[in-house]
Amino acid sequence: MTDVTPPTDGPRAPKLPKISFEFFPPKTEEMERNLWDTIKRLAPLDPNFVSVTYGAGGSTRERTHATIVRMLRETDLLPAAHLTCVGASRTEIDEVVDRYHDAGVRHVVALRGDPASGIGTPFVAHPDGYQTSPELVAGIKKRHGDIEVSVSAYPEKHPEARDFDADIDTLQAKVDAGAARAITQVFFDNEFYLRYLDRVRARNIEIPIVPGIMPMHNFKQARNFVTRTGTTVPDWLAQKFDGLDNDADTRKLVAATVAAGQVQKLFKHGVDTFHFYTMNRADLVFTICHLLGIRPKATQEAA
Ligand code: FAD
């Protein structure tokens, strides 16, 4: 059985994991209501920050902005805006960054982005745009040195990277350009992450490499999506969802247990910060955080 007891052993063991949450901007009013219910449920867990994604090709630019601004206005959360180089000139991207800065945003997750013609096709940068993610990081830091920049990292290597060394060269370039933290692509086998961390540290890259954790509440759909981005879905994980296609309740319980176990094992290895891909749902992430010992702030203060 998966051990999900919060660790207390070891004099240097941190007491509780630190967390952040990722959301995507809603498309409809119903999705908007759902997102805000989710935010209200998760905010008391006191995340370090919450991030909002930027749709492929900048398709959600306004919705990402609106969600971030509403977070600033209505919550105490520290929002981080995702931004990609795709389909926009430097001037346009600089304007987006300036708008965020004017609104009070001080954290951007800077990405190259997927090719406009789809994952698996060659990436063609906008002729007047930022050509690479390190260029985007440098551009943001040059304009606003007080914006903290997070970037991506790929424990299983980005599918376009020639090899791990080339992939880590890009991470190094992003760090040299001013990135303060990397958040990983989702992974399910902790060995990928731990080996990747060894490779990164062997290159003297010292920024936090925060594991990206995705509870698989809709296993089949999620598997299709993540395998396209180069993430391995191990057989043992698929087997846990065997026979549950028409049993959403059990799937949820399994997904929460598996993700809590994954985090717990990493925590025991000394990893103390986690980024949750919430898919705009509160229930699984709330449960996982609870299993890890994290309680809503008001409950803690009242205790
Ligand atoms: P980079 O880190 O710049 O590059 C990844 C690897 O590919 C590097 O090894 C690099 O050397 C190599 N590479 C890059 N370009 C080339 C090339 N032309 N030829 C050969 N090798 C190349 N996407 C969105 O659209 N919106 C989001 O909000 C979003 N958020 C994300 C958040 C996280 C934490 C992660 C991990 C990914 C996110 N993505 C998002 C997906 C991301 O845009 C894609 O994975 C994209 O393909 C790579 O962008 P990057 O910044 O990670 O790439």
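Note that this is a predicted model, so its numbers are computed, not measured.

1. A closer look at the site of the ligand
Then step 1. Around the ligand, the surrounding shell holds 23 residues, and the nearest of these are Ser133, Ser152, Tyr154, Asp167 and Thr170.
Then step 2. The backbone of Arg112 places a nitrogen or oxygen atom 2.6 Å from an oxygen atom of the ligand.
Then step 3. Tyr154 places a polar side-chain atom, nitrogen or oxygen, 2.5 Å from an oxygen atom of the ligand.
Then step 4. Considering every element that reaches the shell around the ligand, the biggest residue donor is helix α5 (residues 164-176), with 4 residues.

2. Quick notes on the sheet that holds strand β7 (residues 209-213)
To summarise the sheet geometry, strands pair through backbone hydrogen bonds and adopt either a parallel or an antiparallel arrangement.
Then step 1. One closed barrel holds the 8 strands; their spatial order is β1-β2-β3-β4-β5-β6-β7-β8, and the pairing between them is parallel. The average undirected angle you get between the axes of adjacent strands in this sheet is 30°.
Then step 2. Across 4 bridges, strand β5 (residues 148-153) lies against strand β6 (residues 181-186) in parallel orientation. Residue Ala153 lies in a different strand from β6, and its bridge partner there is Thr184.

3. Quick look at the packing of aromatic side chains
What describes a pair of aromatic rings is the distance from one ring centre to the other and the angle between the planes of the rings.
Then step 1. Counted by the stated rule, this structure contains 3 aromatic pairs.
Then step 2. A centroid spacing of 6.3 Å and a plane angle of 45° characterise the contact between Phe21 and Phe276, whose relative ring orientation is tilted. Here Phe21 is found in strand β1 (residues 18-23), whereas its partner Phe276 is found in strand β8 (residues 273-277), with 255 residues between them in sequence. Accessibility classification places Phe21 together with Phe276 in one group, the buried group.
Then step 3. Between Phe219 and Phe241 the ring centres are 4.6 Å apart and the planes differ by 10°, which places this aromatic pair in the stacked class. Residue Phe219 is located in helix α7 (residues 219-228), and its partner Phe241 is located in the loop between α8 (235-240) and α9 (248-268); the two are separated by 22 residues in the primary sequence.
Then step 4. One Lys or Arg, Arg70, reaches over the ring of Trp36 and ends 4.0 Å from the middle of that ring.

What counts and what doesn't
Residues numbered from 1 in each chain as written. Predicted model: local features only at pLDDT ≥ 70, side-chain atom pairs only at ≥ 80, totals over all residues. Heavy atoms only, no water. Near = heavy atom within 4 Å. Polar contact = N/O pair within 3.5 Å; in protein donor to acceptor, adjacent residues only side chain to side chain. Helix = DSSP H or I, 4+ residues; strand = E, 2+ residues; numbered from the N terminus. Pairing = 2+ DSSP bridges. Axes fitted to C-alpha atoms, helices over the stretch in contact; angles between N-to-C directions. Phe/Tyr/Trp six-rings, centres within 6.5 Å; stacked < 30°, edge-to-face > 60°. Buried < 20%, exposed > 50% of the residue type's maximum accessible area, 1.4 Å probe, protein only. Lys NZ or Arg CZ within 6 Å of the ring centre and 35° of its normal.

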